[in-house]
Structure formats: C-alpha cells, structure tokens
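Per-entry structural report
Single-letter residue listing:
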Amino acid sequence: MNVAELAVGRSRVALAVLACVAVTVVAFALRFRGLDHLLPHCVEPDGIYALQPQMIRSQDRDREYATYPLLVGYAVLAWPGSDAPPAADATLTAHLRFASREHFRARCVVAFLSALIAPATWWLARNFVGRGWATFAALLAATSLMHVNFSQQARPHAPVTAALALALCAALRARRTGKTSDWRLASAATMLPIGLLQTGVFALGPLFVAHFLRTGEKRARDHVRLLAPLVCVVVAVLAFYPELRPGSFGVATRTSGSRVVVGSHVFDWHWFDGSGFRVLLDGVWNNDPVLLALAGLGLVFGAVALLRRTASTPLAEVAIAAALFVPYLAVFGAYQWSLDRFATVLIPALAVLAACGARGALSLLFARLPTSPRIAAYTVAIVAALALPCYAANRLVRLRSQPDSLELAARWAGTHLHPRTQRIWLQPGVELPLPSSPEAIESGRAAYRSFTGFWWMKHQETVALARQRVFDVRVLPDLWDRFWDDIELAPEPTLASLGESVVLCAGFQRSGYGFKVGYLRAELERSGRRMWSLNPIPAARHDFTGLGYNNVDFLDDVLHANCVGPAVEVYAIERCE
C-alpha cells in the first residue's frame, strides 16, 4: 500500500468516526429535548428509579426498592442539581420544577445511558456491514421511536438496550484481539446491563461464545478466564441487588408450585406458551415499521450470505451476536405476559439487519448504474428510508417540549374557576399543576401518601406557597376504594356525595383502571355539565384517550396528536339529591 492509498484509508476512517459522532449527537439531542414532559403532575407508571434515591438516603424502604437494580438510583444521587427548596414566594414554575427534580434527574440518567445506543449500534454494525452502512444502522437506532420514547422515561428498558449492545461489542473485540486486557474490559462491561435490569444477565452469553470462538492458540488453562465475568456478576449483584446481599431484608428468589418469585416479579412456567412473539412483533411494527420492514429484508439477505459463505463471512461474529439476541427473543417471545417495550433490546440487532437489507436491495436495484447516478440513487433511497423515523422521533420530542393536556387544563381552571369556592376533584394518577389550599392538602394526605405519584401534592405539603392563588383541589378515593364500586352500582347518590363541585376525568389509551374511570365519566355525562374538554388525539380517531407513555398505536398517535398527556374532560356537578 503506497502513501496515497494509506492517506485515503485514514481519511475514510476519520470520516466514518465523524459520522458516528454526529449520529451520537443526534441521539443525545432527541433524548434530552422535552425530558420534563408531564412532570410532576402525571408521572409514568413503574417509575421506580425516581423513588430509589429517596429510599437510599432515608433507609425507609419497601418492596418497590428492589424492583429494579440500584445502579440508576446511585447515579441519580450523583447527578448534579440543587436540593435547596425554592422560597415560599418563588414562582409556580420554580416550585413545579423543584417537585420534579428527583424524577427529572432519573430521566436524565436514563436518557444519557440510552443515547449510547448510537455508538454501540455503529460499533456493532461495523462488524457486519462496514463503516458506511454502520452509520445508517446507527441512525435507525438513534431515531427509533420506541427507543426514544422509553429513553425519556424513568424506566430501565432503553438504557439496558444500549448497555447490552455495548457489552456485545466488547465481547466481539475481546474475541478478535485475544488480548487479556480486552477480555477484562468485556467482563467488566457485563456489569452495566446487570446493574440496570435483571435481563442484563443475557450479556454473559456473547462473552462465553466469544471465549470458545477465540482466535489464536487454544489451551485448556485459558478457561480460567471465564472466572472474570463470573466475578464481575457477583460484584454487580452485591452492589446493585440489595435483596440478594447477605442479611438483606428479603429473600430474592423462591418457588411455589409452578411459580418462581424473583424480587417483586412473579413467573409461572405455564405462562411460557409462545404468545409473546406476537406482542414483540406488534410493538416494533406500531413504533418502527421502517426498521422492522428493512430488518426482515436483511434477514433474507443475511441468510443467503451465510449459505453462500466465503472466507470473509463473519460467522464467528454472527454466532456471538446470536448468543445475545436469540436467547432473549426465545424467552420473551415464549412469555405470555411479555410487553411491547421488551422489544427495545432487539433494536440494535434490527438496525444491523436493516442496514444489511438496505445494502442488499440497493445493490440489486442500482448495481449496473454508472457511478454518479448510482450514488444519487443510493442517497435518495437512504434519505427516503430515514424520513419517517426522523420525522416521528422529532415530532414526539417536540410535542413533549410543549404544554401538555393537564397544563392546558390547569390554565383553563385558573381562568374560569373560582379559587377556594369551587372544589376540583381529581382521579388518582393525575394532578393539576395548580397551587392547592392547605385544607385540600390535609384532606388528601391519605390518598396521595398511598400512591407512588402525587409528587406535586407531596411538595406542597412540605413548602407553603405564598403569593399564589390557591385552589381547593382534592383527590378522589384510591382506585380500590368502595367509592369506585358505588359509582358502578349506585352512581347518582355516589356522585351527589361529592357536593357541588367540579370533577376532572383523564383517560389514556392503555390503562389498567380505565373501566373504573369509565363508570365515573358515564355518570358525569348523564347528570353533570361538561365545562371543558381536550383530546390530544382527535376524537374522530379515538374515544377519550390521549398520547401517554406507551400507547398501543404509538407511531400513528404521535403523527396525529396535538399535545401529550391524557384526554381531559371537566364536568360540573350542579345537583345534589
């Protein structure tokens, strides 16, 4: 190789690295824009990461403390930010921001870790499709609507996706170089996904396969290296799984008949019936149809390449990657109670397959064109493939950076309702970002203490807001209270017991207690007076829903929504019988 060829090669490498950096910047920008959406008045379900730091500091712990490992909880404690409460006469915005701080910090940690999916996917794809197409794969992963969505929530599914991909890349490098230092690094890399979620244990598969497919001389004593990842797992468990520590407050794993209980998670062997495959497939399709379609195409081209394998076919790399994704897909595809968000772990693999599919299809279509027209055709096709993912991801974060439906409801209430004299009733799970009177806070103490949400109410309990117009905002009884049974069985007297007041109903597309709110709303429609309503998604398409944290038809809803948040209706109760 002469000097000119060497210079060209170095420039291509530098250009590819710059492309990877640019895609990583895009991933960070998408995940940090609109990160405070719906805070603090309507937090995501299962947002344990926001509770863990408080439990770590106070030593006041319950079963939710050990639902997820503690890595993010410790990181939230280290995340910069002030814990000094605002002055009582500070603005409402300042108080709302302070009430959101724990949740917002948890989302910052999650978003930071999740954005690493871009360089991880680029690094992974480089082993299979080269640097140029690796950039395409990284862009698909960075703009994945499913991944962006969960990257902005205090939940573990998006960060563990990036962490598993990084651990896989480290295993591939350890196998390729054979260096002891790279093997130690790959072993240590397994600690990150294990510290984020229990499914991080799948990171061990690629490492063991990489060991048995290692290059160079193979000696029996080399198997001692397998102790390194096992030691790292033990360290991660002791550091981040408090229920597994000696003398801990609970037993992590126990069996009862066909059931296995791990922490707060229950598994029954009868639940593994194969129905999860459809859930995972629908989840990706309803969020990232372009990614799934191209990945299907790439699966075909990849299978053909393996059948026609040559000396350059990356068989070992395929086996190592398959050791992560195939067992994961088999387990959660078989699991009856799998959720669509479990498919996030598959996104890096789908992105690599999508790059393989796009490369194969374009090669078949345009291989015979002259150089300049071929480059132009490739460019147009790639831009067209990325148009919908980029637009949808950007639209989601733009909607999340604008006022949500409950903020708009609060603005309406502040303008049209009289403070103190008009009582406002809220269903459990949502709040209005309005100052509440001391009497209202005291009356709802039991209700919001028993619920993992109500961050705004809890803040107002500790800091009195001065110079603010306060409202008599009350919380309806807990969803499992007798009140909700009475709404179904005897709606008129139950509703009348609330007195002359205003009731706010909020609805999401996916809600475990939607039927209970439905009974309340039906009676309000019959005997109350609707004062105001807002459906983030036009009512012609959905009935009393909204754009929440995990809609079923997420892409379609994002493309048609006007704002994020639940559908909101405000009714006046004017008759008391």
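Conventions and cut-offs
- Residues numbered from 1 in each chain as written.
- Predicted model: local features only at pLDDT ≥ 70, side-chain atom pairs only at ≥ 80, totals over all residues.
- Heavy atoms only, no water.
- Pairing = 2+ DSSP bridges.
- Helix = DSSP H or I, 4+ residues; strand = E, 2+ residues; numbered from the N terminus.
- Axes fitted to C-alpha atoms, helices over the stretch in contact; angles between N-to-C directions.
- Buried < 20%, exposed > 50% of the residue type's maximum accessible area, 1.4 Å probe, protein only.
- Contact = heavy atoms within 4.5 Å.
- Salt bridge = Lys/Arg side-chain N within 4 Å of Asp/Glu carboxyl O.
- pLDDT = per-residue confidence, 0-100.
- Polar contact = N/O pair within 3.5 Å; in protein donor to acceptor, adjacent residues only side chain to side chain.

**Remarks on the sheet that holds strand β7 (residues 529-534)**
Spatial ordering of the open sheet is given by β5-β4-β6-β8-β7, a layout of 5 strands whose pairing is mixed. The open sheet has two free edges, formed respectively by β5 (473-475) and β7, since each of these has just one partner strand. Between one strand axis and the next, the sheet turns through 25 degrees on average, direction left out of account. Here 3 bridges tie strand β4 (residues 424-426) to strand β6 (residues 501-507), and the two strands are oriented parallel to one another. Following the sheet pairing, L426 is matched in β6 by L504.

**Regarding the environment of R359**
By the secondary structure assignment, R359 is in helix α16 (residues 347-366). Residue R359 is classed as partly exposed on the basis of its relative accessible area, which comes to 32%. When the C-alpha positions of R359 and L297 are compared, they lie 9.9 Å apart, and in sequence the two are 62 residues distant. Apart from the residues within four sequence positions on either side, R359 is in contact with F128, V129 and W133.

**So, the pattern of salt bridges**
Throughout the structure, instances matching the rule amount to 16 salt bridges. E317 is the partner of R175 in a salt bridge, and the nearest nitrogen-oxygen pair spans 3.3 Å. In this pair, R175 sits in helix α8 (residues 157-177) while E317 sits in helix α15 (residues 315-334), placing the two residues 142 residues apart along the sequence. The exposure class assigned to R175 is buried, which follows from its relative accessible area of 15%. According to the relative accessible area criterion, E317 is buried, its value standing at 14%. Where salt bridges share partners, they join R521, E525, R530 and E569 into one cluster.

**Considering the confidence of the model for the protein chain**
This prediction gives the protein chain a mean pLDDT of 86; 89% of its residues lie at or above 70. Confidence, read as mean pLDDT per element, is least for strand β1 (residues 253-256) in the protein chain (55) and greatest for helix α7 (residues 145-151) (97).

**Notes on the side chain of Q153**
Checked against the element boundaries, Q153 lands in the loop between α7 and α8. On the basis of relative accessibility, which here comes to 0%, the residue Q153 falls in the buried class. A polar atom in the side chain of Q153 sits 2.7 Å from the side chain of R155.

**Structural notes on the environment of L388**
Inspection of the secondary structure assignment puts L388 in helix α17 (residues 371-400). What L388 contacts, discounting residues up to four positions off in sequence, is P289, V290, L555 and L559.

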